[in-house]
Amino acid sequence: MRSRERSGGPSGKPPRRRRAPVGGFDHATRGVLATVRTQRNMKFHVLAAVAVVAAGLLFRVSALEFAALVLAMTLVLAAEVLNTAVEALVDLVSPEPHPLAKLAKDCAAGAVLVCAVGAAVVGLLVLGDDVLALARSVAGRP
Ligand SMILES: Nc1ncnc2c1ncn2[C@@H]1O[C@H](COP(=O)(O)OP(=O)(O)OP(=O)(O)O)[C@@H](O)[C@H]1O
C-alpha cells in the first residue's frame, strides 16, 4: 500500500468512512428522541408545541403569525436538545463537582429559559386575545 493511501490523503488524516446519505439524519433523530425520552422538560415543551399548533389552527392565525409561533417553538426545542448535549458532555468530562461544570450547565439551562420566555411572549401576542375571548365565552361572560 502506498503511504498516501495508508495515511488517508494529503492531510495525513485517516480516511473517513463512507456514510449513507441519510446517516447523519438518523443520528440527529436519535438525539432528539433521546432528549424527549430522558428530559422531563422536553416532554413539556413538545406538549406545549402541539397545543400551540392546535390553537393556531383553531383560531386561524395568519401565515406570518403561525411562522412566529413555529419559530419560537423551534428555538425552545433546539435549545433543550443542546442543553441535553451540554449536560451529557459535562457529566462525561467532569463527573465531580467543578465551578466550570456548574457554569456550563447553568448557561445551557439559561439558554432554554431565555428561549422559553421569548416563546411565551410570542404566544401571548399572537394567541392571547383569542384565548381570552374563548375563555370568556366558555365562562358565559361577554
Ligand atoms: N459537575 C458539576 N459540577 C458543579 N455543579 C454541577 C455539576 N453538575 C451539575 N451541577 C449543578 O447542578 C445543576 C443541576 O444539574 P443536573 O445535571 O441535575 O441538570 P438538571 O438541571 O437537573 O437537568 P435536567 O433536570 O434538565 O436533566 C446544574 O445546573 C449545576 O448548577
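In this text the structure is predicted, and so the values were computed from the model without any measurement.

Observations regarding the overall build of the protein
- Across its full length, the protein holds five helices and zero strands.
- Along the protein, helices and strands appear, N-terminal first, in the series α-α-α-α-α.
- Relative to its 142 residues, the protein shows a buried fraction of 15%.
- Sequence separation of at least 24 residues holds for 70% of the intrachain contacts in the protein that already meet a minimum separation of 6.

Some details on the nonpolar core
- By size, the foremost hydrophobic cluster in this structure holds 13 residues, and its most contacted members are Met-73, Val-76, Cys-115 and Ala-119.
- If you list the elements that add at least two residues to this core, you get helix 4 (63–93) and helix 5 (99–139).
- Contacts of Cys-115, omitting those with residues within four sequence positions, involve Leu-75, Val-76 and Ala-79.

Things to note about the site of the ligand
- The environment of the ligand is made up of Gln-39, Asn-41, Glu-87, Val-90, Ser-94, Pro-97, His-98, Ala-101, Lys-102, Lys-105, Asp-106 and Ala-109.
- Among the elements of the structure, helix 4 and helix 5 are those that each provide at least two residues to the shell around the ligand.
- Top contributing element to the shell around the ligand by residue count: helix 5, with five residues.
- Residue composition of the shell around the ligand, grouped by class: four nonpolar, four polar and four charged.

Describing the confidence of the model for the protein
- Considering every residue of the protein, the mean pLDDT works out to 88; 83% of them sit at 70 or more.
- Averaged over each element, pLDDT in the protein is lowest for helix 1 (residues 3–7) (43) and highest for helix 4 (97).
- Low pLDDT, under 50, characterises residues 1–10; the stretch is placed with seven contacts to residues that sit more than four places away or in other chains.
- Confidence estimates for the predicted assembly give a pTM of 0.82 and an ipTM of 0.90.

Conventions adopted
Residues numbered from 1 in each chain as written. Predicted model: local features only at pLDDT ≥ 70, side-chain atom pairs only at ≥ 80, totals over all residues. Helix = DSSP H or I, 4+ residues; strand = E, 2+ residues; numbered from the N terminus. Buried ≥ 20, exposed ≤ 12 C-beta atoms within 10 Å, placed from the backbone. Contact = placed C-beta atoms within 7 Å. Core = buried A, V, L, I, M, F, W, Y, C linked by C-beta atoms within 7 Å. Near = placed C-beta within 6 Å. Nonpolar A, V, L, I, M, F, W, Y, C, P; charged D, E, K, R; others polar. pLDDT = per-residue confidence, 0-100.

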